[in-house]
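Structure assessment
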Amino acid sequence: MQISKPNSYRVLNVPSIDFSEMESVLYRDFGTNSVREDNFQAHVDTQSVVIKFTKNFDVMEGYALGAYDELFPYIEHILSSIAKEYGYEDMRVLRMLFVRLGSGGYIPPHADGGVSFHCTHRIHYALKTNEDVSFVVNGEELPFMEHPCIEINNVKEHSVVNNSKEDRIHMIMDLYNG
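Model, not experiment: these values are computed from the prediction.

**Notes on the overall build of the chain**
Each helix and strand counted, the chain has three helices and eleven strands in total. Across the chain, helices and strands are ordered from the amino to the carboxyl terminus as β-α-α-β-β-α-β-β-β-β-β-β-β-β. Computed over the C-alpha atoms, the radius of gyration of the chain is 15 Å, within 12% of the 16 Å expected from 2.2 N^0.38 for a compact globule of 178 residues. Once the C-alpha set of the chain is aligned to its principal axes, its extents read approximately 40 × 35 × 30 Å. The 178 residues of the chain split such that 50% are buried.

Given below as structure tokens:
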């Protein structure tokens, strides 16, 4: 069940999130589950709060972890808006995590592999970013300063450089219609 992915990215029109309400939970939990940065060389400079993940990127089954129940109330309206944007009546979350890329951090060019990546929409919601963070997909720089919620084509080459003095924090979700 392949889905239509954008060539590089697609801006989604969804409401904003008050990051300050969840910031303390995220900073408390960053790095407590390092499965992503331990297993994927491209993500060694990141720290994650993984709240839903999958053991096998070739199947469409995820499992909840850690702070899911604590963080879900802050993001529930975002998920509803995204479902409406795609016209999904039964949107499912395969993976959801919050990723911190610290000052000077780098995610080198890479493309995500696995069957499930061709069957899901990879959504990035910028919770904390600035003009000195560069996120490039398929050779195009993404406009996170103007549009915080963007679907990226993660099976195409993408990279991030944080040239700022602040953390860059994104909520990342892989979504599909059930």
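**Remarks on the pattern of salt bridges**
Counted according to the given criterion, the structure contains eight salt bridges. Among the ionic pairs, Asp112 bridges to Arg122, the shortest N-O distance being 3.6 Å. Taken together, the positions of Asp112 in the loop between strand E5 (106-110) and strand E6 (121-128) and Arg122 in strand E6 put the pair ten residues apart, joining distant regions of the chain. Considered together, Asp112 and Arg122 belong to a single accessibility category, that of buried residues. In this structure, the salt-bridge partner of Asp174 is Arg122, at a minimum N-O distance of 2.5 Å. A residue pair is termed long-range when its members are at least 10 positions apart, and Asp174 in strand E11 (residues 168-177) and Arg122 in strand E6 qualify at 52 residues. On the accessibility criterion, Asp174 (1% relative accessible area) is buried. What you see here is one network of salt bridges that share partners, running through Arg95, Asp112, Arg122 and Asp174.

**Digging into the sheet that holds strand E8 (residues 140-141)**
Spatial ordering of the open sheet is given by E5-E10-E7-E8, a layout of four strands whose pairing is antiparallel. Looking at strand neighbours, the two that pair on one side only are E5 and E8, the edges of this open sheet. Of the strand pairs in this sheet, strand E7 (residues 133-137) and E8 are connected by two bridges, and their pairing is antiparallel. The residue bridging Val136 from the neighbouring strand is Glu141, located in E8.

**Overview of the packing of helix H1 (residues 20-29) against helix H3 (residues 68-86)**
Relative orientation of the contacting elements H1 and H3 amounts to 145 degrees, with a least axis distance of 10 Å. The way H1 lies across H3 gives a crossing that is left-handed. Touching Glu21, Met22, Val25, Leu26 and Arg28 of H1 are Glu70, Leu71, Tyr74 and Ile75, all from H3. The class makeup of the residues in the contact of H1 with H3 is six nonpolar, no polar and three charged.

**Let's talk about the nonpolar core**
Of all hydrophobic cores here, the largest spans 31 residues; its most connected members are Met22, Leu26, Leu71, Ile82, Phe98, Leu127 and Met171. For this core, the secondary-structure elements that each account for two or more residues are H1, strand E2 (46-53), H3, strand E4 (91-101), E6 and E11. At seven residues, H3 tops the list of elements feeding residues into this core. Among all residues touching Leu127, those that are not within four sequence positions of it are Ile17, Phe19, Met22, Leu26, Phe98, Ile169, His170 and Met171.

**Some details on H3**
Look at H3: only 23 Å from first C-alpha to last across 19 residues, short of the 27 Å you get at 1.5 Å a residue. Taking the largest bend as the criterion, H3 deviates by roughly 55 degrees, centred on Tyr74. Those residues of H3 lying buried are Leu71, Ile75, Ile78, Leu79, Ser81, Ile82, Ala83 and Tyr86. Within two residues after H3, Gly87 carries a phi angle of roughly 75 degrees, on the positive side.

**Section: the confidence of the model for the chain**
Detailed reading of the predicted model is not advised wherever pLDDT is low. The predicted model of the chain has a mean per-residue pLDDT of 90, with 93% of residues at 70 or higher. Within the chain, the lowest mean pLDDT, 62, falls on strand E3 (residues 63-64), and the highest, 98, falls on strand E10 (residues 158-162).

**Here's the deal with the pairing of E7**
The side-chain alternation of E7 yields one buried face, formed by Val133, Phe135 and Val137, and one unburied face, formed by Ser134 and Val136. In this structure, the hairpin formed by E7 and E8 is closed by a connection of two residues, where Asn138 is found at a positive phi of approximately 55 degrees.

Criteria and thresholds
Residues numbered from 1 in each chain as written. Predicted model: local features only at pLDDT ≥ 70, side-chain atom pairs only at ≥ 80, totals over all residues. Heavy atoms only, no water. Helix = DSSP H or I, 4+ residues; strand = E, 2+ residues; numbered from the N terminus. Rg over C-alpha atoms; globule rule 2.2 N^0.38 Å. Buried < 20%, exposed > 50% of the residue type's maximum accessible area, 1.4 Å probe, protein only. Salt bridge = Lys/Arg side-chain N within 4 Å of Asp/Glu carboxyl O. Pairing = 2+ DSSP bridges. Axes fitted to C-alpha atoms, helices over the stretch in contact; angles between N-to-C directions. Left-handed = near helix turned anticlockwise from the far one by under 90°. Contact = heavy atoms within 4.5 Å. Nonpolar A, V, L, I, M, F, W, Y, C, P; charged D, E, K, R; others polar. Core = buried A, V, L, I, M, F, W, Y, C linked by side-chain atoms within 4.5 Å. Expected span 1.5 Å × (residues − 1). Bend = angle between axes of the 7 residues up to and from the residue. pLDDT = per-residue confidence, 0-100.

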